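Architecture at a glance
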Amino acid sequence: MNHLRGYKLKFPNQEVEKAFTQTVKDALERRVKDYFISTQDQIKSTLQAKDIESFIIAINIAFSSIPYYITSKTEKIIIVTFICYFMV
């Protein structure tokens, strides 16, 4: 039954682990930034068109996509920036 234990994959060294972690972090940050830019554009266009129903839908979609837990400092900065932008 020992063959069912599996294999634990490790990084060969700290440099590889750090590079991998940074690459994943950069990709996620770009994705979040692109998402918020898209959402921001959608919200702006609904306001310019004076389409209140679409505006409310866009705001609900934006806020429903924010996780109920915010774990990283980057996430906190993004969320606070997003909220402050719409309060001005």
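In what follows, the accompanying structure is described.

What counts, and at which threshold
Residues numbered from 1 in each chain as written. Predicted model: local features only at pLDDT ≥ 70, side-chain atom pairs only at ≥ 80, totals over all residues. Heavy atoms only, no water. Helix = DSSP H or I, 4+ residues; strand = E, 2+ residues; numbered from the N terminus. Contact = heavy atoms within 4.5 Å. Areas by Shrake-Rupley, 256 points an atom, 1.4 Å probe, with all protein chains shown as cover. Expected span 1.5 Å × (residues − 1). Buried < 20%, exposed > 50% of the residue type's maximum accessible area, 1.4 Å probe, protein only. Arc of directions from axis to C-beta. Patch = residues over 30% accessible without salt bridge, like charges linked within 9 Å, V, L, I, M, F, W, Y side chains within 5 Å. Salt bridge = Lys/Arg side-chain N within 4 Å of Asp/Glu carboxyl O.

As for the overall build of the protein chain
For the protein chain, the count of helices and strands is three helices and zero strands. Reading the helices (α) and strands (β) of the protein chain from amino to carboxyl end gives α-α-α. When contacts within the protein chain are restricted to residue pairs at least 6 apart in sequence, those whose partners lie at least 24 apart make up 45%. For the protein chain, the computed accessible surface area is about 7900 Å², with 61% contributed by carbon and sulfur atoms.

Thoughts on helix H2 (residues 52-64)
Relative to the 18 Å expected for 13 residues at 1.5 Å per residue, H2 spans 18 Å between its end C-alpha atoms, a close match to the ideal helical length. The complete set of buried residues in H2 reads Ala58, Ile59 and Ala62. On an axial view of H2, the arc spanned by its buried residues comes to 100°, and they lie on one face. Those residues of H2 that are exposed and angled more than 90 degrees off the buried face are Glu53, Asn60 and Ser64.

Overview of a nonpolar patch on the surface
On the surface, Phe11, Val16, Phe20, Val24 and Leu28 cluster together into a nonpolar patch covering about 430 Å² of accessible area. Along the polypeptide, Val24 turns up in helix H1 (residues 14-48).

Describing the environment of Phe63
When you line up the elements, Phe63 lands in helix H2. Residue classification places Phe63 among the partly exposed positions, given a relative accessible area of 37%. Expressed as a C-alpha distance, the spacing of Phe63 and Ile79, which sit 16 residues apart in the sequence, is 9.5 Å.

Quick word on the environment of Phe55
Tracing the backbone shows Phe55 in helix H2. A relative accessible area of 22% places Phe55 in the partly exposed class. Separated by 11 residues in sequence, Phe55 and Lys44 place their C-alpha atoms 8.3 Å apart. Beyond its immediate stretch of four places on either side in the chain, Phe55 contacts Ile43, Thr46 and Leu47.

What about unusual backbone geometry?
Excluding glycine, residues mostly carry a negative phi; peptide bonds, for their part, are mostly trans. Although it is not a glycine, Lys50 adopts a positive phi angle of roughly 55°. Note on placement: Lys50 falls in the loop between H1 and H2.

Details of the side chain of Thr46
Residue position: Thr46 is located in helix H1. On the basis of relative accessible area, Thr46 is assigned to the buried category, the value being 10%. Leave out the neighbours within four places in its chain, and Thr46 touches Asp51, Ser54 and Phe55.

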